[in-house]
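In case you want the letters, here they are:
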Amino acid sequence: MALRPDVQRPLFRFQLSRFFSREPEAPTSPPANAPKGIYLYGDVGTGKTMLMDLFYQTLPPSIKRKRRVHFHAFMVDVHKRLHAAKIAMGYQGGDPIVPVARDLAREAYVLCFDEFQVTDIADAMILRRLLESLLNYGVVCVMTSKFVMTFA
């Protein structure tokens, strides 16, 4: 038995996008019940990137500040921003990670990283504080990786 065409619903609706459903006139920030992040991991060729791309493509049009980037390209961008922030701070010192996180949060509050992989201890130290700051600014991070990460 088929539903009338005016009542039919799409067969596939990406479930994660329901957290971001908003009316067009609503503010363009994630709702309070949005997840803080999603981490997809698995073997090569299992569809992690496809799922993330579907998520990214099905975000409502009201979500304007979003970014999908390969993780290594993101880290190159972060290092450039950190260098520029250190130069701007001059010899007074200070923490360059907080202003970089603030700028990233202003540009996108949904960040999708493909191929998340940390092999450098310096990157790990930067990322711990950067991701923590991004979460404090309300940024939602979606990551794919072929490695299982354990958190202690």
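Provided above is the structure to which this section pertains.
Residues numbered from 1 in each chain as written. Predicted model: local features only at pLDDT ≥ 70, side-chain atom pairs only at ≥ 80, totals over all residues. Heavy atoms only, no water.

Caption draft 1: Representation of the pattern of salt bridges in the model. All chains considered together, the criterion is met by eight salt bridges. Note that Asp77 is salt-bridged to Arg81, the shortest N-O span being 3.0 Å. You can see Asp77 and its partner Arg81 sitting in helix H2 (residues 71-89), four residues apart, about one turn around the helix. A salt bridge links Arg129 to Asp95; the shortest N-O distance between them is 2.3 Å. Here Arg129 is found in helix H4 (residues 121-136), whereas its partner Asp95 is found in the loop between H2 and helix H3 (97-107), with 34 residues between them in sequence. On the basis of relative accessibility, which here comes to 29%, the residue Arg129 falls in the partly exposed class. You can call Asp95 partly exposed: its relative accessible area is 29%. (Salt bridge = Lys/Arg side-chain N within 4 Å of Asp/Glu carboxyl O. Helix = DSSP H or I, 4+ residues; strand = E, 2+ residues; numbered from the N terminus. Buried < 20%, exposed > 50% of the residue type's maximum accessible area, 1.4 Å probe, protein only.)

Caption draft 2: Layout of unusual backbone geometry. Within the chain, Glu115 stands out as a residue other than glycine whose phi angle is a positive 65 degrees. With respect to the helices and strands, the residue Glu115 is situated in the loop between strand S3 (110-114) and H4.

Caption draft 3: Inspection of H4 at higher detail. With 16 residues, H4 extends 23 Å from end C-alpha to end C-alpha; this agrees with the ideal 22 Å at 1.5 Å per step. Those residues of H4 lying buried are Asp123, Ile126, Leu127, Leu130, Leu131, Ser133 and Leu134. Elements in contact with the buried residues of H4: H2, H3, S3 and strand S4 (140-145). One or two steps after H4, the chain reaches Gly138, where phi turns positive at roughly 90 degrees. (Expected span 1.5 Å × (residues − 1). Contact = heavy atoms within 4.5 Å.)

Caption draft 4: Structural context of the pairing of S4. Most of S4 is tucked away, with six of its six residues classed as buried. Along S4, one buried face is formed by Val140, Val142 and Thr144 and the opposite face, lined by Cys141, Met143 and Ser145, is buried too. Where strand S1 (residues 37-41) lies against S4, five bridges are found, and the strand directions are parallel. Each bridged residue has a counterpart across the sheet, and for Ile38 the counterpart in S4 is Val142. As paired elements, S3 and S4 share four bridges and run parallel to each other. Opposite Val110, over in S4, you have Val140 as the bridge partner. (Pairing = 2+ DSSP bridges.)

Caption draft 5: Region of interest: the nonpolar core. Ranked by size, the top nonpolar core spans 24 residues in total, and within it Phe74, Phe113, Leu130 and Leu134 carry the most contacts. Grouped together as the second largest cluster of nonpolar side chains are ten residues, Tyr56, Leu59, Ile63 and Tyr109 included. (Core = buried A, V, L, I, M, F, W, Y, C linked by side-chain atoms within 4.5 Å.)

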